[in-house]
Amino acid sequence: LRHALEYAQKCMQRREAKLPFDHDDLLASYRQLAVMYEHNEDYAHAVVYLEKVYLAQKRKKDGQEAVSDIQHLLVNIWKLKLKLVVEPQAYAHLQQCAEMWDPEEIMTLNMPTVVQGTSRQPPADYFDELVEGALPVLTAMHTTEDHEEKQRIIDETPGSMETLGQLSCVMILCS
């Protein structure tokens, strides 16, 4: 796989030198590299290439097919970020948070904010910001199994309800 990755990188570099940033052949190279890096469990590099495709597709805005592709890319970026950023223990607590509330309510309340967040910054940066804001609460929640105590921790931590709601919304989209 190492040789294939090197070859794919050389192809991508040639295409970057000769093609516009949103050319389909260049985007295909980025996608190929993202898949190869993901297969190697190098999620950080996979995210970099998926974000390049995401940003190019977002600028293109070619009808419903592009919108569908953008949504798919966004979810894939977040899935990789979940693997990369969130430790298994914190991930379990995040899942518990998402399960504490009604998924439809989470989506209704938080989806507009999630859409705004991803429109003003790259999806990986937005995700990192959410995780950074949620980690103190998730860590505190790790100290108890009691549902009411977990809700108390969320209620007493400023901004945590909004952050956890957005992160839960992202997790629902990724499931």
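Computed from a predicted model, the values in this text were never measured in an experiment. (Residues numbered from 1 in each chain as written. Predicted model: local features only at pLDDT ≥ 70, side-chain atom pairs only at ≥ 80, totals over all residues. Heavy atoms only, no water.)

(A) Geometry of the overall build of the chain. From N to C terminus, the chain includes 9 helices and 0 strands. Going residue by residue from the N terminus, the α and β elements of the chain occur as α-α-α-α-α-α-α-α-α. Along the first, second and third principal axes, the C-alpha atoms of the chain reach 60 × 35 × 20 Å. For the chain, the proportion of its 175 residues judged to be buried stands at 42%. Total accessible area on the chain stands at roughly 10,000 Å², and carbon and sulfur atoms take up 51% of it. With 17 positive and 28 negative side-chain charges, the chain shows a separation of 13 Å between the mean positions of the two kinds. (Helix = DSSP H or I, 4+ residues; strand = E, 2+ residues; numbered from the N terminus. Buried < 20%, exposed > 50% of the residue type's maximum accessible area, 1.4 Å probe, protein only. Areas by Shrake-Rupley, 256 points an atom, 1.4 Å probe, with all protein chains shown as cover. Lys, Arg positive; Asp, Glu negative; His and termini not counted. Charge placed at Lys NZ, Arg CZ, Asp CG, Glu CD.)

(B) Representation of the layout of surface pockets. Roughly 240 Å³ of internal volume is contained in the largest pocket. Ile70, Gln71, Leu74, Val115 and Thr118 are the residues nearest the centre of the largest pocket, which is lined by 13 residues in total. Put simply, the parts of the chain that give the lining of the largest pocket at least two residues each are α3 (43–60), α4 (63–85) and α6 (103–120). Classifying every residue of the lining of the largest pocket gives 9 nonpolar, 3 polar and 1 charged. (1 Å grid on protein atoms, 1.4 Å probe; cavity = no way out; pocket = protein on both sides within 12 Å on 5 of 7 lines; lining within 4 Å. Points joined across faces, edges and corners; volume = space filled by probe spheres on them. Nonpolar A, V, L, I, M, F, W, Y, C, P; charged D, E, K, R; others polar.)

(C) Looking closely at the packing of aromatic side chains. One pass over the full model with this rule turns up 3 aromatic pairs. A centroid spacing of 6.4 Å and a plane angle of 40° characterise the contact between Trp78 and Tyr126, whose relative ring orientation is tilted. One end of the pair, Trp78, is in helix α4; the other, Tyr126, is in helix α7 (residues 123–141), and 48 residues separate them in sequence. (Phe/Tyr/Trp six-rings, centres within 6.5 Å; stacked < 30°, edge-to-face > 60°.)

(D) A look at the pattern of salt bridges. This structure, assessed with the given rule, holds 7 salt bridges. Residues Glu16 and Lys52 are paired through a salt bridge, measuring 3.5 Å at the closest nitrogen-oxygen approach. Linking Glu16 in helix α1 (residues 2–18) with Lys52 in helix α3, this pair joins segments that are 36 residues apart in sequence. In this structure, Asp69 and Arg31 form a salt bridge, with 2.5 Å as the shortest nitrogen-oxygen distance. Highlighted residues: Asp69 in helix α4 and Arg31 in helix α2 (residues 24–39), separated in sequence by 38 residues. Residue Arg31 is classed as partly exposed on the basis of its relative accessible area of 28%. The network of salt bridges with common partners includes Glu149, Arg152 and Glu156. (Salt bridge = Lys/Arg side-chain N within 4 Å of Asp/Glu carboxyl O.)

(E) Highlighting α2. Taking 1.5 Å as the rise per residue, α2 with 16 residues should run 22 Å; its terminal C-alpha atoms sit 22 Å apart, in good agreement. Buried within α2 are the following residues: Leu26, Leu27, Ser29, Tyr30, Leu33, Ala34, Met36 and Tyr37. (Expected span 1.5 Å × (residues − 1).)

(F) Molecular detail of the packing of α1 against α2. Packing of α1 against α2 leaves a shortest axis separation of 9 Å and a crossing angle of 155°. What the angle tells us is that α1 and α2 run roughly antiparallel. As for how α1 packs across α2, the hand of that crossing is left-handed. Contact residues: Ala4, Leu5, Ala8, Gln9, Met12, Arg15 and Glu16 in α1; Asp25, Leu26, Ser29, Tyr30, Gln32, Leu33, Met36 and Tyr37 in α2. When grouped by side-chain class, the residues that make up the contact of α1 with α2 number 9 nonpolar, 3 polar and 3 charged. (Axes fitted to C-alpha atoms, helices over the stretch in contact; angles between N-to-C directions. Parallel < 35°, antiparallel > 145°, perpendicular 65-115°, else oblique. Left-handed = near helix turned anticlockwise from the far one by under 90°. Contact = heavy atoms within 4.5 Å.)

(G) Main features of the environment of Lys79. Considering the arrangement of structural elements, one finds Lys79 in helix α4. Here Lys79 falls in the partly exposed class, since its relative accessible area comes to 36%. Counting along the chain gives 36 residues from Lys79 to Tyr43, while the straight-line C-alpha distance between them is 9.6 Å.

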